[in-house]
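The lines below spell out each chain.
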Amino acid sequence: MKGESPSSTDPGFGRRFTDHMAVAHFEGRSGWTETDIVAFAALSLSPAAMGLHYGQAVFEGLKAFRQPDGSVALFRAHDHAARLDRSARQLVMPELATGTFVEACRRLVCTDIEMVPSTPGHSLYLRPMLLATEAALGVRPAAEYLFVVIASPVGAYVSTGAQPMTVWVSREHSRAAPDGIGSAKCAGNYAASLAGLQESATHGCGETLWLDSNEHRWLEELSSMNVVLVAAGQAGPTLVTPPAGGTILDGITRKSLLALGRSLGFAVAERPVALEEMCDGRSFVEAFACGTAAGVVPISAVRSASGECPIGNGEPGPVARRLQQTLLALQEGSAADPYGWRLSIPTVSADAPCRARK
Ligand SMILES: *Cc1c(COP(=O)(O)O)cnc(C)c1O
């Protein structure tokens, strides 16, 4: 993206990357190296790199937002760091050295700070990734790993309010099974979601709403977003969402929206929800999906082999809209941050450009 500033309409999410990346290596005996900021470039890997064959690959997705004073803040970076370590432990990969994740993100954003969009609702998406690189074909946890962070500007379904979507429920495929790795943010779970995604597309849906693999009855989540339902009540709305953990990824957007919902006076219930309850026409007035990349995306209908049920009136619901605006205001710094979720990128001085902080 050299010399270009992100366009305010299509910043090229996921196809255009900033000029640099952060890199660190792990070697069994010596542990983690220091993190380097280097030019964005192809990686050099052995074709026998174990992560490519056996799937020891975990990742994160988090965002940096332009603040009203022109500075930049990362959103919940420490929570994303903790989750990468959790995912790594589940796949028997080494945790990062303390502070590495946040420092790598900070320095990368600091280095490429002019690529952080200023358009409201736009942001810089960071993709940290941990991959087994040891060249060996035996099946066991690898002894060498690569940690890399790349960044890509992302626009705006968020600011304009995402269009409501119809999601497909598959009874042919499952994303995750009990006692497996469904709660890890790992490449394998995405591989497991692709056949269902393809099935969804043949039924005109861009997203799959996954049910549990045992009964095909209980809501889990989407392939890269959690699901939240809204029940109306005399005392105000209740946000209802399946408990995270087990086969469901513990989404940071989900957690943030539940906290913000409580602060707005909504009730919150984390409990199992059956598909027939979601579709009974009276339990819920709204539903939405949520995740870092897309923010809050209303769900207007659920389609499956047995038919289609509408949720709400087809328009984005007021609770989804309010939560999305409240979250974005906090991320973009137009609202206070009582939770300590924003991490500001330090101002660069001429003699110490984006150095590691010791
Ligand atoms: C990343 C992800 C989410 C959303 O998590 P956030 O922390 O909110 O971005 C939800 N489900 C799956 C399977 C994911 O990989």
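If you're wondering where the values come from, they're calculated on a predicted model, not measured in any experiment.

Moving on to the site of the ligand. The local shell around the ligand holds 15 residues, among which Lys185, Tyr190, Glu221, Thr253 and Thr292 are the closest. In the environment of the ligand, an oxygen atom lies 2.8 Å from a nitrogen or oxygen atom belonging to the side chain of Arg83. Thr292 has a polar side-chain atom sitting 2.6 Å from an oxygen atom of the ligand. Looking at the shell around the ligand, its residues break down into four nonpolar, seven polar and four charged.

This structure, assessed with the given rule, holds one disulfide. Between the sulfur of Cys279 and that of Cys309 lies a disulfide, 2.0 Å long from S to S. Handedness here is read from the sign of the S-S torsion; for Cys279 and Cys309, about -50 degrees, the answer is left-handed. Note that Cys279 is positioned in the loop between α7 (275-278) and β13 (286-291) and Cys309 in strand β15 (residues 307-310), a separation of 30 residues in sequence. On the basis of relative accessible area, Cys279 is assigned to the partly exposed category, the value being 30%. This cysteine, Cys205, is not joined by any disulfide, and Cys309 carries the nearest cysteine sulfur, 11 Å off. Using a relative accessible area of 4% as the deciding quantity, one classes Cys205 as buried. For the unlinked cysteine Cys290, the closest cysteine sulfur is that of Cys279, found at 19 Å.

Along the chain, the position of Arg83 falls in helix α2 (residues 77-90). The class for Arg83 is buried, based on a relative accessible area of 4%. The contacts of Arg83, once residues within four sequence positions are left out, are Glu60, Lys185, Leu249, Asp250, Gly251 and Ile252.

Attention shifts here to the pattern of salt bridges. Here the structure, examined in full by the defined rule, presents 13 salt bridges. With a shortest N-O distance of 2.6 Å, Arg89 and Glu95 are connected by a salt bridge. With a relative accessible area of 36%, Glu95 lands in the partly exposed category. Beyond isolated ion pairs, a larger network of salt bridges with shared partners links Arg86, Asp250 and Lys255.

This brings us to the packing of aromatic side chains. Per the stated rule, a full pass over the model turns up seven aromatic pairs. Taking 6.0 Å as the distance between ring centres and 65 degrees as the angle between the ring planes, the aromatic pair formed by Phe26 and Tyr145 counts as edge-to-face. Of this pair, Phe26 sits in strand β1 (residues 20-27) while Tyr145 sits in strand β8 (residues 144-154), and the two are 119 residues apart along the sequence. Summarising the burial analysis for this pair, Phe26 and Tyr145 share the class buried.

What follows covers the confidence of the model for the chain. Low-confidence regions, as indicated by low pLDDT, have predicted coordinates that should not be scrutinised in detail. Taken over all residues, the pLDDT of the chain has a mean of 93, while the share at 70 or more is 92%. Predicted confidence for residues 1-8 stays below pLDDT 50, and this span has 18 contacts to residues more than four positions away or in other chains.

Time to look at unusual backbone geometry. In this structure, Arg76 takes a positive phi of about 50 degrees despite not being glycine. Mapped onto the fold, Arg76 is located in the loop between β6 (72-75) and α2. Even without being glycine, Asp179 reaches a positive phi, approximately 70 degrees. Mapping Asp179 onto the fold places it in the loop between β9 (165-168) and α5 (187-202).

Let us now look at the environment of Ser300. If you trace the backbone, Ser300 turns up in strand β14 (residues 295-304). Judged by its relative accessible area of 16%, Ser300 falls in the buried class. With residues up to four places along the chain from it excluded, the contact list for Ser300 reads Pro164, Met165, Thr166, Cys309, Pro310, Ile311 and Gly314.

So, on to the pairing of β1. One face of the sheet, then the other: side chains in a regular strand alternate in exactly this way. Across four bridges, the pairing between β1 and strand β3 (residues 36-39) is antiparallel. Bridge pairing in β3 places Ala22 opposite Ile37. In this sheet, strand β2 (residues 31-32) lies alongside β1 in antiparallel orientation, the contact comprising two bridges. The partner of Glu27 across the bridge, within β2, is Gly31. With antiparallel pairing between neighbouring strands as the criterion, β1 and β2 make up a hairpin whose turn holds three residues.

Scoring rules and cut-offs
- Residues numbered from 1 in each chain as written.
- Predicted model: local features only at pLDDT ≥ 70, side-chain atom pairs only at ≥ 80, totals over all residues.
- Heavy atoms only, no water.
- Near = heavy atom within 4 Å.
- Polar contact = N/O pair within 3.5 Å; in protein donor to acceptor, adjacent residues only side chain to side chain.
- Nonpolar A, V, L, I, M, F, W, Y, C, P; charged D, E, K, R; others polar.
- Disulfide = S-S within 2.5 Å.
- Helix = DSSP H or I, 4+ residues; strand = E, 2+ residues; numbered from the N terminus.
- Buried < 20%, exposed > 50% of the residue type's maximum accessible area, 1.4 Å probe, protein only.
- Contact = heavy atoms within 4.5 Å.
- Salt bridge = Lys/Arg side-chain N within 4 Å of Asp/Glu carboxyl O.
- Phe/Tyr/Trp six-rings, centres within 6.5 Å; stacked < 30°, edge-to-face > 60°.
- pLDDT = per-residue confidence, 0-100.
- Pairing = 2+ DSSP bridges.

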